[in-house]
Amino acid sequence: MKRLFYVILLFFFGCDSNENYSISENRVYVTLQAQSHVAIVETNQLQILDEISVEELSDNGVMSAPHDIAIDNANNFWFTTAMMGNKVGMYSIIDNTLISTLSINQMPALLAINIDEQKLYVSRGVSGNGITTNVIYELSYINGFLEETQQWDVQFDYAHGIHFDKDSGFLFVVGKESDFIAKINPNEPQIPFQNPLLISMDEEISNNFSIDVNRLRPIHISSKYPFLFITCSAGEWNSEEQYDEIQGQLQMWDIDSMNLLATAEFDTYSRPWHLQASDIDNKVFVSLSGGEGANGNDESGVACVEYSCSNNECQLHKLWENKSSSYGTMHGLTLESDCGGNYFVYSSGRNDGTIYKFDPQTGLELDRKNLMSTGNIRTGGIDIYQACNSCCD
């Protein structure tokens, strides 16, 4: 009955339902992993509007540990993965009611969303301990509840970073340990090594997807057609023949040809993590997690990289970095836009439980709000709900 109510509601009101239900402000949704809550924060003053318990996603008394967030602005749903609860949850943006859950065998981690076809794609978390991590789950919610429609075998282990490009219709996945990309056409039959198509990110080191080289360590993906952007956390690399320290990277690929176009390098222990390409201009924003190594923790922060292409040559140019030891291991990142050229950058501190707001032009920190003060992994994924405007089509 609850599912039917939401289907009827969305049929009649659609995007305009925000106004009917007095949802007029932009909101950032942040997973509070150590508390099994999701915080909802208005973007103007970073005031906490609500904290939603997701303990209904727990498994046999084990805390749910929500990790990532995906938001469907058009149909008024938000979704989260419960890494320890082994479930994906679907909630109403209107009143934050849990609408549907679906069990994923082990540790669902990151989400990608196809709003037009109302599909979710789910990757897995930590590899090892018998966890199968070469499968991407395709879920549909077009009927008002979550149901599994496909499992995509990308062949390589630890398929973690995931992104759906709405303009090309392709789904992209990166292997955190194999340094491979999988390019999937969700509307075509699954054929091993053809769909998904496998591409090495570092051909000079490895062309074998089954070998965990652990060199580039790709983390996250974003796009602005025809370009694909991937963060690589890199760092120390030990192989049987050599030891090296690899600088963190932002890689730029051609979506159609899957050729590497350009690479921007960060400090060795900056650990580029989540990212988002701007819809407004040719910029990509990156959270820098920081990590072990000389002054590693001082490298946590955010960065802005501009891209350009001319005469078949592309370049990535770092415009600014804002790094500080006061930032608690930057993790999630999202952008807010009013479609008039004004936008802001938001990032979550994994170890300090704080959401930060930055000026996209200068990198200046504009505001911060602590959401929780206990736990080792406090905040995770972050996404934004934008009230209906010209971007809502």
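Numbers given for residues are sequential positions, taken from 1 along each chain in its written order. Under the rules for a predicted model, residues below a pLDDT of 70 receive no local features and side-chain atom pairs below 80 are neither given nor counted, while totals for whole chains, interfaces and linings still include all residues. Note: side-chain values were computed over all heavy atoms of the structure, leaving out hydrogens and water.

Below, the discussion takes up the state of the cysteines. Note on disulfides: each one is a pair of cysteine sulfur atoms within 2.5 Å. A complete count under the given rule lists one disulfide for this structure. Between the sulfur atoms of Cys309 and its disulfide mate Cys314 the distance is 2.0 Å. Of note, the bridge from Cys309 to Cys314 carries an S-S torsion of about 105 degrees and is right-handed in sense. A 1.4 Å probe rolled over the protein chains alone gives each residue an accessible area, and that area as a share of the maximum for its type sets the label: buried under 20%, exposed over 50%, partly exposed in between. Given the relative accessible area of 38%, Cys309 is considered partly exposed.

The sheet built from four strands is open, its strands ordered β22-β23-β24-β25 with antiparallel pairing. Edge positions in the sheet fall to β22 (272–277) and β25 (313–323), since each has one partner strand and no second. In this sheet, adjacent strand axes meet at a mean angle of 25 degrees when their direction is disregarded. Being paired, for any two strands, means DSSP has found at least two bridges between them. Note on conventions: DSSP H or I runs of at least 4 residues are helices, E runs of at least 2 residues are strands, and numbering of each starts at the N terminus. Of the strand pairs in this sheet, β22 and strand β23 (residues 283–288) are connected by four bridges, and their pairing is antiparallel. Pairing of Pro272 across the sheet is with Leu288, part of β23. Comment: axis = line fitted to C-alpha atoms, over the contacting stretch for helices; angle = value between 0 and 180 degrees taken between N-to-C directions.

It is worth spelling out unusual backbone geometry at this point. Following Asn195, the chain continues into Pro196 via a peptide bond in cis, with omega recorded as 15 degrees. Locating Pro196 in the fold gives a position in the loop between β14 (180–184) and β15 (197–200). Cis rather than trans, the peptide bond between Tyr225 and Pro226 has omega equal to 15 degrees. Summarising the element assignment, Pro226 is placed in the loop between β16 (218–224) and β17 (227–232). Unusually for a residue other than glycine, Asn86 sits at a positive phi of about 60 degrees. Along the chain, the position of Asn86 falls in the loop between β5 (77–82) and β6 (87–92). With a relative accessible area of 17%, Asn86 lands in the buried category. In this structure, Asp179 takes a positive phi of about 60 degrees despite not being glycine. Within the fold, Asp179 resides in the loop between β13 (171–175) and β14.

The predicted model of the protein has a mean per-residue pLDDT of 89, with 89% of residues at 70 or higher. The predictor rates its confidence in each residue with pLDDT, a number between 0 and 100. Two residues qualify as a contact provided that any one of their heavy atoms is within 4.5 Å of a heavy atom in the partner residue. Here residues 1–20 is modelled with pLDDT under 50, and outside its nearest four sequence neighbours on either side it reaches 33 contacts, counting other chains as well. Predicted confidence for residues 389–393 stays below pLDDT 50, and this span has six contacts to residues more than four positions away or in other chains.

For the rest of this paragraph, the subject is the packing of aromatic side chains. The criterion for an aromatic pair is that two Phe, Tyr or Trp rings (for Trp, the six-membered ring) have centres within 6.5 Å, with stacked assigned to planes under 30 degrees apart, edge-to-face to planes over 60 apart and tilted to the rest. Counted under the stated rule, the structure contains 16 aromatic pairs. Relative to Trp78, the ring of Tyr29 lies with its centre 5.7 Å away and its plane at 50 degrees, an arrangement referred to as tilted. Here Tyr29 is found in strand β1 (residues 27–32), whereas its partner Trp78 is found in strand β5, with 49 residues between them in sequence. Of the two residues, Tyr29 and Trp78, both sit in the buried class. Consider the rings of Tyr121 and Phe164, whose centres lie 6.2 Å apart with planes at 15 degrees: the pair is stacked. Of the two residues, Tyr121 sits in strand β9 (residues 119–124) while Phe164 sits in strand β12 (residues 159–164), which places them 43 residues apart along the sequence. Neither Tyr121 nor Phe164 differs from the other in exposure class; each is buried. Site record: aromatic cluster; members linked through ring pairs are Tyr29, Trp78 and Tyr91. If you follow Arg215 out to its NZ or CZ, it ends over the ring of Trp237, 5.1 Å from the centre. A positively charged side chain is recorded as over a ring if its NZ (Lys) or CZ (Arg) lies within 6 Å of the ring centre. The angle to the ring normal must also be within 35 degrees. The ring of Trp273 is capped by Arg350, whose NZ or CZ atom sits 5.1 Å from the centre of that ring.

The next subject is the sheet that holds strand β7 (residues 98–103). The four strands are arranged β4-β5-β6-β7 in an open sheet whose pairing can be described as antiparallel. Strand pairing shows two members of the sheet lacking a second neighbour, β4 (66–72) and β7, which therefore form its edges. Strand-to-strand twist across the sheet, computed as the mean angle between neighbouring axes with direction ignored, equals 20 degrees. Here β6 runs beside β7; their pairing, made up of five bridges, is antiparallel. Bridged to Tyr91 within β7 is Leu98.

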